[in-house]
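Structural description and commentary
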Amino acid sequence: MKKQVKILSIFAVLFAAVIAPAFSQQITKFGVVDTAKVYNAYFRNSAPIRNYEKKKTEFQDEINKKTDELKQLQKKKLDLETSGNEAQAMKIEAEIIKKKDYLTEYSNAKNVELESMQRSLQNSDEFYKKLYNTLSKIAESGGYSMILSLQDSNSILWYSSSVDITNQVISELGL
């Protein structure tokens with residue numbers, strides 16, 4: 001009888017060891033990445049970003065300069081109107097209108113140029129290839145079934161900071 005109990009116990013343990021994994025549930029592991037943060041870290045010191053920032057500053061300086069000129073002209077026009085010199089005030093008004101139109105056109109053109117540069121930077125194939133390879137490496141080594149971007153998915157309503165691998169991605173990229 002003892003021998004039968006012992007054999008049944010061994011059989012039950014073996015059965016549990018062999019069959020139980022087939023019935024066990026695999027847990028899916030998700031990760032999230034703040035791709036905007038990775039993008040900023042990647043391009044922070046790159047020449048294209050420095051060029052973009054330089055152009056942005058130059059454009060803003062020019063806009064500020066033209067805005068100051070307009071303010072001076074408006075002050076001059078007001079002074080002329082106050083002193084009763086309507087003819088000169090009208091000439092200044094025409095100049096103000098011309099400069100305002102130029103400033104509007106300049107601002108629009110430069111904003112389009114900056115937006116184009118920014119889109120070009122954001123669509124950098126080199127960056128996305130490195131990002132994909134890094135995410136793949138982290139996912140495989142960390143056992144992740146899926147990694148989601150916080151920017152590209154409006155359906156992520158909540159996530160635990162424990163699944164945020166952004167800093168790990170930045171570190172793996174050597175940034």
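Below, the structure is looked at part by part. (Residues numbered from 1 in each chain as written. Predicted model: local features only at pLDDT ≥ 70, side-chain atom pairs only at ≥ 80, totals over all residues. Heavy atoms only, no water.)

The next subject is the overall build of the protein. The number of helices and strands found in the protein is six helices and two strands. Looking at the 175 residues of the protein, the share that counts as buried comes to 24%. Within the protein, counting contacts between residues at least 6 apart in sequence, those at least 24 apart form 81% of the total. Of the accessible surface of the protein, which amounts to about 13000 Å², a share of 55% is contributed by carbon and sulfur atoms. (Helix = DSSP H or I, 4+ residues; strand = E, 2+ residues; numbered from the N terminus. Buried < 20%, exposed > 50% of the residue type's maximum accessible area, 1.4 Å probe, protein only. Contact = heavy atoms within 4.5 Å. Areas by Shrake-Rupley, 256 points an atom, 1.4 Å probe, with all protein chains shown as cover.)

It is worth spelling out the environment of Asn 51 at this point. Following the sequence through the fold, Asn 51 ends up in helix α3 (residues 47-82). Sequence separation between Asn 51 and Met 117 is 66 residues; the distance between their C-alpha atoms is 9.5 Å.

With that out of the way, let us pick up the environment of Gly 143. Counting through the fold element by element, Gly 143 comes out in the loop between α5 (125-142) and β2 (146-149). Between the alpha carbons of Gly 143 and Phe 30 there is a distance of 8.9 Å; along the sequence they are 113 residues apart.

This part is about helix α2 (residues 35-43). Residues of α2 that are buried: Thr 35, Val 38, Tyr 39, Ala 41, Tyr 42 and Phe 43. For α2, the secondary structure elements touched by its buried residues are β1 (30-33), α3, α4 (86-122), α5, β2 and α6 (166-172).

The subject of this paragraph is the nonpolar core. One finds Val 38, Phe 127, Ile 165 and Val 169 to be the most contacted residues of the largest nonpolar core, which totals 31 residues. Those elements that provide at least two residues to this core are α2, α3, α4, α5 and α6. When residues of this core are assigned to their parent elements, the largest contribution, eight residues, is made by α4. Not counting residues within four places of it along the chain, the set of residues in contact with Val 169 comprises Val 33, Val 38, Leu 131, Thr 134, Leu 135 and Ile 138. (Core = buried A, V, L, I, M, F, W, Y, C linked by side-chain atoms within 4.5 Å.)

Turning our attention to the side chain of Thr 166. With respect to the secondary-structure elements, Thr 166 resides in helix α6. Of the residues examined, Thr 166 reaches a relative accessible area of 2% and is grouped as buried. Engagement of the side chain of Thr 166 in a polar contact is seen with the side chain of Asp 164, the distance being 2.5 Å. Those residues in contact with Thr 166, other than ones at most four positions away along the chain, are Val 32, Val 33, Asp 34, Lys 37 and Val 38. (Polar contact = N/O pair within 3.5 Å; in protein donor to acceptor, adjacent residues only side chain to side chain.)

Here we take up the packing of aromatic side chains. Taken as a whole, this structure holds two aromatic pairs when the rule is applied. Relative to Tyr 106, the ring of Phe 59 has its centre 6.5 Å away and its plane inclined at 90 degrees; by these criteria the two rings are edge-to-face. With Phe 59 in helix α3 and Tyr 106 in helix α4, this residue pair connects regions lying 47 residues apart in the sequence. With relative accessibility at 8%, the residue Phe 59 sits in the buried group. Grouped by ring-pair contacts, the aromatic residues Phe 59, Tyr 102 and Tyr 106 constitute a single cluster. The ring of Tyr 144 has Lys 29 lying over it, and the distance from NZ or CZ to the ring centre is 4.6 Å. (Phe/Tyr/Trp six-rings, centres within 6.5 Å; stacked < 30°, edge-to-face > 60°. Lys NZ or Arg CZ within 6 Å of the ring centre and 35° of its normal.)

We now examine the packing of α3 against α4. Interhelical geometry of α3 versus α4 gives an angle of 165 degrees and a closest axis separation of 9 Å. With respect to α4, the element α3 is oriented roughly antiparallel. In terms of crossing hand, the pair formed by α3 and α4 is left-handed. (Axes fitted to C-alpha atoms, helices over the stretch in contact; angles between N-to-C directions. Parallel < 35°, antiparallel > 145°, perpendicular 65-115°, else oblique. Left-handed = near helix turned anticlockwise from the far one by under 90°.)

Counted by the stated rule, this structure contains nine salt bridges. Among the ionic pairs, Lys 66 bridges to Glu 69, the shortest N-O distance being 4.0 Å. Placement of both Lys 66 and Glu 69 in helix α3 is noted, with a separation of three residues, approximately one turn of the helix. Relative accessible area serves as the criterion here: at 19%, Lys 66 is assigned to the buried category. Given the relative accessible area of 23%, Glu 69 is considered partly exposed. Salt-bridge contacts for Glu 172 lead to Lys 137; the nearest nitrogen and oxygen are separated by 3.0 Å. (Salt bridge = Lys/Arg side-chain N within 4 Å of Asp/Glu carboxyl O.)

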